[in-house]
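Understanding the architecture of this molecule
Single-letter residue listing:
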Amino acid sequence: MSGDLFRALILRAGEGVTRISFESLADADLPPGDVLVAVEYSSLNYKDGLAVTGKGKIVRQYPMVPGVDFAGRVLGSSSPDYHPGDLVIGTGWGLGEAHWGATPNGRAYRRNGSCRSPGARHASGHGPGNRRPHGHARRDGPGGGRRGTGDRQPCAGDRRQRGLGSVAVAVLGRLGHRVFAVTGRPENAEYLRALGAAEILDRAKMDPPARPLEAQRWAGAVDAVGGTTLARVLSETRYGGAVAACGLAGGAELHTTVMPFILRGVSLIGINSVSCPAGRRRWAWERLAQDLSVEALESITRDARLEDVPALAEEIVAGRVRGRVVVAVGPVTG
Ligand SMILES: NC(=O)c1ccc[n+]([C@@H]2O[C@H](COP(=O)([O-])OP(=O)(O)OC[C@H]3O[C@@H](n4cnc5c(N)ncnc54)[C@H](OP(=O)(O)O)[C@@H]3O)[C@@H](O)[C@H]2O)c1
């Protein structure tokens, strides 16, 4: 434990509002934990936006340091798994919700869950990566196992073109799928095509409520929106197809019927990266390292400073951020 002070973004509960402040802290101010990490990067997720603006019930106790993921270097550890100098990442496990998260300028303690060691800035750019076990197996649609044979099954790359969505479009495109990217912002079309989208669909076409079964269009889908959009995707998914439900940017409600499931054998797969077991995380990170090119990641991510977080949080909740924002939190050590 050193006496150095570091700056942290701290949220406090106010009269019906979330009060944001930048404060200088010392290691002694950090909650207890067995690994002390010098945080170098974090990223701004939709959930962070909800936490910092107070527009979502994300923070379970105040004061809270937000930031659901980080990359950095171990400074001290009483855990047999981590040693000073290790490059580590942390995502989920209640970071920035129940446990102090990743936007103290330079320090974080690990309480539980796993950390691993990729390149810090790129790691923060990735975001959660546990989607793939299911998609991997099912993305081939009817007749399976024909990946990469030019059998470009149409799959609705992500519904929306931000962090999670951009990664899904880039990975699905790289794996040879014919990706239809859906967005409410046509100005993003070139960005999406460069990432790997074959077709761009206007989000307005996907939002109207659907009949229990619509014409079969998709071998699979990655959805970050929920609501009527997810219900329509399910009704349009082909026999044996799979839909990964990851988000609720368009609403938490899901009004659907059993028809896609019992008449077309469609699978609806829930994705949660927060409490995903360590083994599966490791597998997902290895797949991300394999299936998401550094070039795509560079085009998806943009850099910001800790001071920019409050304003960017308003932007991401308002749907005005594209791709993923990587926040340079602390001094970069390598
Ligand atoms: N399951 C998990 O483990 C996990 C992990 C990370 C994120 N998530 C969730 O996934 C979702 C996306 O996260 P993100 O970080 O990628 O957020 P993001 O970058 O802000 O992306 C949100 C997307 O939602 C679309 N959108 C915004 N408001 C909408 C509305 N009212 N109706 C329909 N679409 C709307 C936007 O589409 P346009 O392109 O059309 O503007 C945008 O692309 C969030 O709900 C987040 O909580 C879940």
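This text gives an overview of the structure that appears in the document. (Residues numbered from 1 in each chain as written. Predicted model: local features only at pLDDT ≥ 70, side-chain atom pairs only at ≥ 80, totals over all residues. Heavy atoms only, no water.)

Our next topic: the pairing of strand β8 (residues 178–183). Within β8, five of the six residues are buried, leaving the element largely enclosed by the surrounding structure. Where β8 and strand β9 (residues 197–202) come together, five bridges link them in parallel fashion. Its bridge partner lying in β9, Val179 is registered against Ala197. (Buried < 20%, exposed > 50% of the residue type's maximum accessible area, 1.4 Å probe, protein only. Helix = DSSP H or I, 4+ residues; strand = E, 2+ residues; numbered from the N terminus. Pairing = 2+ DSSP bridges.)

A few words now on the nonpolar core. Membership of the largest hydrophobic core comes to 36 residues, with the highest contact counts inside it found for Phe70, Trp100 and Val325. With residues near it in sequence (within four places) discarded, Val325 still touches Ser42, Ser43, Leu44, Arg302, Ala304 and Leu312. With 22 residues, the next largest nonpolar core counts Ile89, Ala170, Leu175 and Val179 among its residues. (Core = buried A, V, L, I, M, F, W, Y, C linked by side-chain atoms within 4.5 Å. Contact = heavy atoms within 4.5 Å.)

Once that is clear, we can look at the side chain of Asp48. Secondary-structure assignment places Asp48 in helix α1 (residues 46–53). No salt bridge is formed by the buried Asp48. Its closest oppositely charged neighbour is Arg324, at 6.8 Å. Polar contacts involving the side chain of Asp48 include one to the main-chain amide nitrogen of Asn45, which spans 2.8 Å. Setting aside residues up to four positions removed in sequence, Asp48 forms contacts with Ser43, Gly67 and Val68. (Lys, Arg positive; Asp, Glu negative; His and termini not counted. Salt bridge = Lys/Arg side-chain N within 4 Å of Asp/Glu carboxyl O. Polar contact = N/O pair within 3.5 Å; in protein donor to acceptor, adjacent residues only side chain to side chain.)

With that settled, the discussion passes to the environment of Ile10. Looking at the secondary structure, you find Ile10 in strand β1 (residues 5–13). Taking the C-alpha atoms as reference points, Ile10 and Glu23, 13 residues apart in sequence, are found 7.1 Å from one another.

Applying the stated criterion across every chain yields a total of one aromatic pair. For the ring pair Phe180 and Trp218, a centre distance of 5.1 Å and an interplane angle of 70 degrees mean the geometry is edge-to-face. Of this pair, Phe180 sits in strand β8 while Trp218 sits in strand β10 (residues 218–223), placing them 38 residues apart in sequence. Like Trp218, Phe180 is buried. Above the ring of Tyr191, the side-chain terminus of Arg322 is found at 3.7 Å from the ring centroid. (Phe/Tyr/Trp six-rings, centres within 6.5 Å; stacked < 30°, edge-to-face > 60°. Lys NZ or Arg CZ within 6 Å of the ring centre and 35° of its normal.)

Here we come to the environment of Pro66. By the element assignment, Pro66 lies in the loop between α1 and β4 (69–77). On the accessibility criterion, Pro66 (1% relative accessible area) is buried. Residues Pro66 and Ala102 lie 36 residues apart in sequence; the distance between their C-alpha atoms is 6.3 Å.

This brings us to the pairing of strand β11 (residues 237–245). Where β10 meets β11, five bridges bridge the pair, whose relative direction is parallel. Each bridged residue has a counterpart across the sheet, and for Trp218 the counterpart in β11 is Thr237. With helix α7 (residues 227–236) bridging β10 and the parallel β11, this β-α-β connection has right-handed handedness. Pairing between β11 and strand β12 (residues 267–270): four bridges, direction parallel. Bridge pairing links Val243 to Leu268 in β12. (Right-handed = clockwise from strand over helix to strand, strands pointing away.)

Keep in mind that most residues, glycine aside, have a negative phi and that most peptide bonds are trans. A cis amide bond, omega -5 degrees, links Tyr62 with the succeeding residue Pro63. Looking at the element boundaries, Pro63 is found in the loop between α1 and β4. Phi angles above zero are rare outside glycine, and Trp93 is one such case at about 50 degrees. Mapped onto the fold, Trp93 is located in the loop between β5 (87–91) and β6 (108–110). According to the relative accessible area criterion, Trp93 is partly exposed, its value standing at 27%.

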